[in-house]
Amino acid sequence: MKATLTALTALTVAATMFASNASAFEPADLQKLKDTNSCVECNLVGADLSGADLNGANLFGTSLIGANLSGANLSVANLWDASLQDANLSDANLSSAILWGANLAFANLKGTNLDGADLASAKMGGALMKGAILCNTKMPDRSVIYSGC
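Below you will find a few notes about this structure. None of these values were measured; they are calculated from a predicted model. (Residues numbered from 1 in each chain as written. Predicted model: local features only at pLDDT ≥ 70, side-chain atom pairs only at ≥ 80, totals over all residues. Heavy atoms only, no water.)

All right, on to the overall build of the protein chain then. Within the protein chain, the secondary structure is distributed over 2 helices and 2 strands. Along its sequence from the N terminus, the protein chain presents helices and strands in the succession α-α-β-β. Considering the protein chain as a whole, with its 149 residues, one finds that 38% of them fall into the buried category. Taking as baseline every contact in the protein chain between residues at least 6 positions apart, the subset at least 24 positions apart corresponds to 0%. For the protein chain, the exposed area adds up to about 7800 Å²; of that, 59% sits on carbon and sulfur atoms. (Helix = DSSP H or I, 4+ residues; strand = E, 2+ residues; numbered from the N terminus. Buried < 20%, exposed > 50% of the residue type's maximum accessible area, 1.4 Å probe, protein only. Contact = heavy atoms within 4.5 Å. Areas by Shrake-Rupley, 256 points an atom, 1.4 Å probe, with all protein chains shown as cover.)

Spelled out as C-alpha cells, the structure:
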C-alpha cells in the first residue's frame, strides 16, 4: 500500500511538472524566432504572434499549441510536423506553406488563406475552416481542392 501511494505521489509530481513546462512558451525560443525567422522544434505554446510577419519562417516540429497567430503572415513557412492544436490562425496567410504532418486539431482556420498550402498527412479533426481560401490546397487525403481557381 505504501509503495502504491509513493508511486502515485511521484506520478502526480511528475505530471504537475510536465504540465507546467508544457503550458508556457520559452522566451528564448520566441526571441530566436524574432531574430532569425527560424525556430526548429521550439516551445512556443500559447505565444501571441498575432499579426507577425513570419514569411518563409522555419518552424519545423515547433509546438504552437494554443498560440495566437491570427492575421500572421506565414506564407511559404515550413510548419512540417508542427503542433498547432487549438491555435488561432484566423485570417492568417498560409499560402504555399508546408504543413505535412502538422497537428491542426481544433485549430481556428476561419478566413485563413491556404492557397497552395500542402496539408498532406496533417491532422485536422475539429478544425474550424469557415471562409478559408482553399485554392490549389493539398489536403490530408492528398486531394487538391479547387485547382485552377
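The tally for this structure, following the rule as stated, stands at 2 aromatic pairs. With 4.3 Å between their ring centres and 75 degrees between their planes, tryptophan 80 and tryptophan 100 make a pair best called edge-to-face. Note that tryptophan 80 is positioned in the loop between helix 2 (27-36) and strand 1 (137-138) and tryptophan 100 in the loop between helix 2 and strand 1, a separation of 20 residues in sequence. Members of the aromatic cluster, each reached through a chain of ring pairs, are Phe60, Trp80 and Trp100. (Phe/Tyr/Trp six-rings, centres within 6.5 Å; stacked < 30°, edge-to-face > 60°.)

This brings us to the state of the cysteines. The final tally for this structure, using the stated rule, is 1 disulfide. Here cysteine 39 pairs with cysteine 42 through a disulfide, and the sulfurs are 1.9 Å apart. Measuring the twist about the S-S bond at about -95 degrees, one finds the cysteine 39-cysteine 42 disulfide to be left-handed. Overall, cysteine 39 belongs to the buried group, its relative accessible area being 0%. (Disulfide = S-S within 2.5 Å.)

This part covers the environment of leucine 94. Its place among the elements puts leucine 94 in the loop between helix 2 and strand 1. A relative accessible area of 1% places leucine 94 in the buried class. Residues leucine 94 and valine 76, spaced 18 residues apart in sequence, show a C-alpha to C-alpha distance of 6.9 Å. Among residues more than four places away in sequence, those in contact with leucine 94 are Leu74, Leu79, Leu89, Leu99, Thr112, Asn113, Leu114 and Ala117.

Let's shift gears to helix 2. Among all positions in helix 2, only Asp29, Leu30 and Leu33 are buried. Buried residues of helix 2, seen end-on, are gathered within an arc of 100 degrees and therefore sit on one face of the element. Structural note: helix 2 exposes Pro27, Ala28, Lys34 and Asp35 on the side pointing more than 90 degrees away from its buried face. Trailing helix 2 by a residue or two, asparagine 37 shows a phi angle of about 60 degrees, which is positive. (Arc of directions from axis to C-beta.)

Turning our eyes to something else, we now look at the environment of methionine 139. Within the secondary structure, methionine 139 is located in the loop between strand 1 and strand 2 (144-145). Between the C-alpha atom of methionine 139 and that of serine 121, which follows or precedes it by 18 residues, the distance is 7.7 Å. Apart from residues no more than four positions distant in its own chain, methionine 139 is found in contact with Leu119, Ala120, Met124, Met129 and Ile145.

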